[in-house]
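Examination of the molecular architecture
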Amino acid sequence: MKSLLEVLTSGTGYLQKHGVDEARLNMEHLLAHVLGCRRLDLYLRFEERLPEDALVSLRDLIRRRAEGTPLQHLLGTVDFLGHELISDHRALIPRPETEFLVDWLIREVSARRLPLPTAVLDMATGSGCIGLTLASAWKEARTQLTDLSEDALDLARLNASRLGLDHVQLTRSDLFEKVTASFDLIVTNLPYIPSAEIPALSREVRRDPVAALDGGPDGMDIIRRFLTEAPAHLLPGGMVALEVGHDQGKAVADIASHQGFTGVRLLADLAGIERFVLGIHPGLPRSEIATLPEPAPKPADDNSLS
């Protein structure tokens, strides 16, 4: 039997040869998953021998990772702001950029720079990472999650149950088609990849559902529809918060302004990319628009899986 360190070293080399980024980190996660321990615990166990049955399971995981199966799908879960969510082929893998936006919203409300929402809509919810995390933070808020994909909604339901948030409403809807209520916060991460760019995405991203990626010729078809329909479902003073493509921020902000949103502004992620668009329903008095908070810097942390 090989030691854990020997297995880790050989597996890392195999993943590197097959073009896997951060091959060592991937191997650590896979090995810890097979052993049922934390990744950091491996450093205290390097001299242990890996049982043959565990090695068989690990070899299968390594092969699938080398073929492009995302690490999160192999592990079965992903951490999102401290919540362990099921992650599989039915929805986008929650990403650090989305985590940043949700964290920013929670922190701004906690600091009372934004009002505490009473009704929240997470549109195109996918795994439910946005809406469920907000529902966990704001337990008194009425929270609704929608998605066009029934598969995605099934995944979101599993995650809602996992987090004990069975009161959250889940609705199959093409944008606002089946949405009848109004909200003071609508958050969304809509498909925004231009159709022609999808074949060039990484093999891991191409494992995500195409419908969750494809935003039409310029990537903004669904975003335009959303911004046209959203005002009818916002309470006076309500806010929309969108995640968009790395080069779409200004264009989406212009669309929001054209649709009558006020106080429109861009929020940059930790890399300085203006990836988020915020806008206020026209019902907010002009004297209050100036109070829309500037982004407070988030302390740097390790966004890697742990």
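For the structure itself, consult the block above.
Anyway, here's the lowdown on the structure attached to this text. (Residues numbered from 1 in each chain as written. Predicted model: local features only at pLDDT ≥ 70, side-chain atom pairs only at ≥ 80, totals over all residues. Heavy atoms only, no water.)

Details of the sheet that holds strand β8 (residues 262-268)
Spelled out, the test is: Here, any two strands with at least 2 DSSP bridges between them count as paired. We count a stretch as a helix when DSSP gives it H or I for four or more residues in a row; a strand needs E for two or more, and each element gets its number in order from the N terminus. Between N-to-C directions, angles cover 0 to 180 degrees, with each direction set by a line fitted to C-alpha atoms, over the stretch in contact for helices. Throughout, a residue-residue contact means that at least one pair of heavy atoms, one from each residue, lies within 4.5 Å.
Taken together, seven strands build an open sheet; the order of strands is β5-β4-β3-β6-β7-β9-β8 and the sheet is mixed. Looking at strand neighbours, the two that pair on one side only are β5 (169-172) and β8, the edges of this open sheet. Across the sheet, the axes of successive neighbouring strands diverge by a mean angle of 15°, strand direction being ignored. Inspection of the sheet shows strand β7 (residues 234-243) paired to strand β9 (residues 274-280) by five bridges, in the antiparallel sense. The residue of β9 that forms the bridge with leucine 242 is valine 277. Relative to strand β4 (residues 142-147), helix α6 (residues 129-137) is tilted by about 170°, and along the sheet it contacts β3 (119-123), β4 and β6 (183-188). This element, helix α8 (residues 221-229), spans β3, β6 and β7 of the sheet and lies at about 170° to β7.

What about the pairing of β7?
Formally: Residue burial is assigned from relative accessible area. The probe radius is 1.4 Å, only protein chains are included, and a residue is buried under 20% of its type maximum, exposed over 50%, and partly exposed in between. Handedness rule for crossovers: strands pointing away from the viewer, path from the first strand over the helix to the second running clockwise, crossover right-handed.
Most of β7 sits out of view: seven of its ten residues are buried. For the handedness criterion, the β-α-β arrangement of β6, α8 and β7 is classed as right-handed.

Re the packing of helix α1 (residues 4-17) against helix α2 (residues 23-35)
Short version of the rule: Roughly parallel means an angle under 35 degrees; roughly antiparallel, over 145; roughly perpendicular, 65 to 115; everything else is oblique. A clockwise turn of the near helix away from the far one marks a right-handed crossing, whereas an anticlockwise turn of less than a right angle marks a left-handed crossing. Classes in brief: Ala, Val, Leu, Ile, Met, Phe, Trp, Tyr, Cys and Pro nonpolar; Asp, Glu, Lys and Arg charged; the others, Gly included, polar.
One can describe the packing of α1 onto α2 by two numbers: an axis separation of 8 Å at closest approach and a directional angle of 130°. By the angle class used here, α1 and α2 are oblique. Between α1 and α2 lies a crossing of right-handed hand. The residues of α2 that touch α1, namely those facing Leu4, Val7, Leu8, Gly11, Thr12, Leu15 and Gln16, are Ala23, Arg24, Asn26, Met27, Glu28, Leu31 and Leu35. Here the residues of the contact of α1 with α2 sort into eight nonpolar, four polar and two charged.

Overview of the nonpolar core
Our working rule: Put simply, buried Ala, Val, Leu, Ile, Met, Phe, Trp, Tyr and Cys residues joined by side-chain atoms within 4.5 Å make one nonpolar core.
Core analysis: the biggest nonpolar cluster contains 30 residues, and Met123, Phe176, Ile186, Ile223, Phe226, Leu227 and Val240 have the highest contact counts within it. Secondary-structure elements contributing two or more residues to this core are β3, β6, α8, β7 and α9 (249-258). A total of four residues in this core trace back to one element, the largest contributor, which is α9. Among all residues touching phenylalanine 176, those that are not within four sequence positions of it are Leu121, Met123, Ile186, Phe226, Glu229, Ala230 and His233. With 25 residues, the next largest nonpolar core counts Leu85, Val102, Cys129 and Phe276 among its residues.

Section: the environment of valine 102
Position of valine 102 relative to the elements: it lies in helix α5 (residues 96-110). Judged by relative accessible area, which is 0%, valine 102 ranks as buried. Distance from valine 102 to leucine 134, taken between C-alpha atoms, is 7.3 Å for residues 32 residues apart in sequence.

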